[in-house]
Protein chains: 2
Amino acid sequence: MFVKPTRDRRAERREATRAEIVDAAWELVRAEGLAALSVRDLARKVGLQAPSLYSYFASKNAIYDALFAQGAAQYLEDVEAQLTPTGDPLQDLRAGMHAFVRFCTDDPVRYQLLFQRTIPGFEPSPESFAISIAGLESVQRRIAGLGITEPGDLDLLTALGTGLTDQQISNDPGGDRWIRLVDSAMEMYFTHVTHRKSRP
Amino acid sequence: MFVKPTRDRRAERREATRAEIVDAAWELVRAEGLAALSVRDLARKVGLQAPSLYSYFASKNAIYDALFAQGAAQYLEDVEAQLTPTGDPLQDLRAGMHAFVRFCTDDPVRYQLLFQRTIPGFEPSPESFAISIAGLESVQRRIAGLGITEPGDLDLLTALGTGLTDQQISNDPGGDRWIRLVDSAMEMYFTHVTHRKSRP
DNA sequence: TAGGTTTCACGAACATCGTTCGGAGTTTGC
DNA sequence: GCAAACTCCGAACGATGTTCGTGAAACCTA
């Protein structure tokens, strides 16, 4: 019978504890808010004392960074899952923006962590940041692939998406007013770019 | 020679100190960020010890609220100053949005305090909040007065303004790329609403 | 199985934070 | 001139993120 080297078992258990800490951190952060996360509370939730967490994470910000990386990975995965062009640019625009706003409103805390910069001393590490950038670039490539926009239009669409998400989260969480709003915005955008294309 | 009652002199000096504290708080907050404001630092900046501040403000959040109220008053004043319709709706839209984005980007910290909710335990008092609401409603009245929009379009325009401001502040502070972006956005919006109006 | 090394959990403690308290020192009202 | 009110401040409290040293496991080597 194959027995794993003990060295791997040690690393495995360490990784499991790290994952457990991250999961507990998500729970606390979703319940109490991003800034309300306390190292002592988090430690107690996983059955440890506060200083013990520092065996797994160099600082509280390192824990935030683990959350950021996980959220960015989910974002990238979600974006990739939406990469199924139908041939109808307007419908693709709508579907993509629906997916994006849905992703953000499904977990406002994750959105806040990923796309707003609201935690006082925290900056994501370059590695974690690269993951989220990969997601954003994937979105941009997709929209550019629709063949209806020019480079400047992407800024416009980004601003539109940001504003829609922000307004949705702060004004009408859980409602579906945002669906009509997104549809209207995408129609507006589509009319804009095609109208410009049709001119000489 | 007229001599003010001493009671008024006392109140006057108290109000002067309060104003001095608020000014110093703006300075610190602009230099170090909203969340980095420390009661002890602020006290030292006005030549006091930390507990003395509590003779003037009930809590640190009360200081934030004073900043909020002052920022909201500036916002209201700025909005009112822009209430000069020219008769050209598109130009008015552009000018209004230029003014708004300029107001926000001129002082990102003020924007963050007024329109983002980024300070952990702070909620503006109803009185301060009412001032900012008055500004927003003034903007909405103005846009509605242009006679080109329907109620749903205001949400769209708000989302657009939010997104433009957010993207400008986080990506290109101080640059003028936002001018082209705002112009393009307003043109897009204008085309959208007039195009819909021209249909039966 | 025995001895040596690495890893980890914890109690104590530190600096800093917002805030409270009690008592001086000053200003005001009568 | 005296009592009341107002300011100011040193000391201290509870909570925060974090460091240090200790001791007990877990692991590797023999």
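Note that this is a predicted model, so its numbers are computed, not measured.

(A) Looking closely at the relation of the copies chain B and chain A. When chain B is fitted to chain A, the residual RMSD is 0.1 Å, and the transformation amounts to a turn of 179° plus an axial shift of 0.0 Å. As the rotation angle and translation indicate, the two copies are arranged about a two-fold axis. Among all C-alpha atoms of chain B, that of Gly-163 of chain B lies closest to the rotation axis, at 1.9 Å. Most of the interface of chain B is mirrored in chain A, where 100% of its interface residues again form contacts.

(B) Focus on the domain arrangement of chain A. Residues and elements named next belong to chain A. Annotation of chain A at the domain level lists domain 1 (1-57) and domain 2 (59-198). The distance between the C-alpha centroids of domain 1 and domain 2 comes to 30 Å. Each partner contributes residues to the interface: domain 1 has 13 residues there, and domain 2 has 16 residues. A buried area of about 1400 Å², summed over both sides, lies between domain 1 and domain 2, and 76% of it is on carbon and sulfur atoms. Contact with domain 2 buries surface across domain 1, with Trp-26, Leu-34 and Phe-57 losing the most and accounting together for 50% of the total. Note that Asp-107 is salt-bridged to Arg-30, the shortest N-O span being 2.2 Å.

(C) Representation of the pattern of salt bridges in the model. For the structure on display, the rule yields 13 salt bridges over all chains. In this structure, Arg-117 of chain A and Glu-123 of chain A form a salt bridge, with 4.0 Å as the shortest nitrogen-oxygen distance. The class for Glu-123 of chain A is exposed, based on a relative accessible area of 57%. Where Glu-15 of chain B meets Arg-18 of chain B, a salt bridge forms, and the shortest distance between an N and an O atom there is 3.8 Å. Of this pair, Glu-15 of chain B and Arg-18 of chain B both sit in helix H1 (residues 6-32), three residues apart, roughly one helical turn.

(D) Examining the packing of aromatic side chains more closely. All names here are of chain A. Taken as a whole, this structure holds 14 aromatic pairs over all chains when the rule is applied. For the pair Tyr-64 and Phe-122, a centre-to-centre distance of 5.7 Å together with 45° between the ring planes defines the contact as tilted. Taken together, the positions of Tyr-64 in helix H4 (residues 60-81) and Phe-122 in the loop between helix H6 (108-115) and helix H7 (126-145) put the pair 58 residues apart, joining distant regions of the chain. Judged by its relative accessible area of 2%, Tyr-64 falls in the buried class. Lying over the aromatic face of Phe-103, Arg-110 brings its terminal NZ or CZ to 3.8 Å of the ring centre.

(E) The arrangement of the interface of chain B and chain A in detail. On the side of chain A, 25 residues touch chain B, which itself brings 24 residues to the contact. Summed over both partners, the interface of chain B with chain A buries about 2000 Å², with 65% contributed by carbon and sulfur atoms. Applying the counting rule to chain B against chain A returns one salt bridge. Note that Asp-155 of chain A is salt-bridged to Arg-177 of chain B, the shortest N-O span being 2.7 Å. In this structure, the connection of chain B to chain A is made through two residue pairs in polar contact (both at pLDDT 80 or more). Contributions of two or more residues to the side of chain B that touches chain A are made by helix H7 (151-171) and helix H8 (177-198) of chain B. Counting residues per element, the side of chain B that touches chain A draws most heavily on H7 of chain B, which supplies 11 residues. For the side of chain B that touches chain A, the residue count by class is 10 nonpolar, eight polar and six charged.

Conventions we followed
Residues numbered from 1 in each chain as written. Chains lettered and ligands numbered in written order. Predicted model: local features only at pLDDT ≥ 70, side-chain atom pairs only at ≥ 80, totals over all residues. Heavy atoms only, no water. Least-squares fit on C-alpha atoms with pLDDT ≥ 70 in both. Contact = heavy atoms within 4.5 Å. Domains from an automatic or database assignment. Buried area = accessible area lost by both parts, 1.4 Å probe. Salt bridge = Lys/Arg side-chain N within 4 Å of Asp/Glu carboxyl O. Buried < 20%, exposed > 50% of the residue type's maximum accessible area, 1.4 Å probe, protein only. Helix = DSSP H or I, 4+ residues; strand = E, 2+ residues; numbered from the N terminus. Phe/Tyr/Trp six-rings, centres within 6.5 Å; stacked < 30°, edge-to-face > 60°. Lys NZ or Arg CZ within 6 Å of the ring centre and 35° of its normal. Polar contact = N/O pair within 3.5 Å; in protein donor to acceptor, adjacent residues only side chain to side chain. Nonpolar A, V, L, I, M, F, W, Y, C, P; charged D, E, K, R; others polar.

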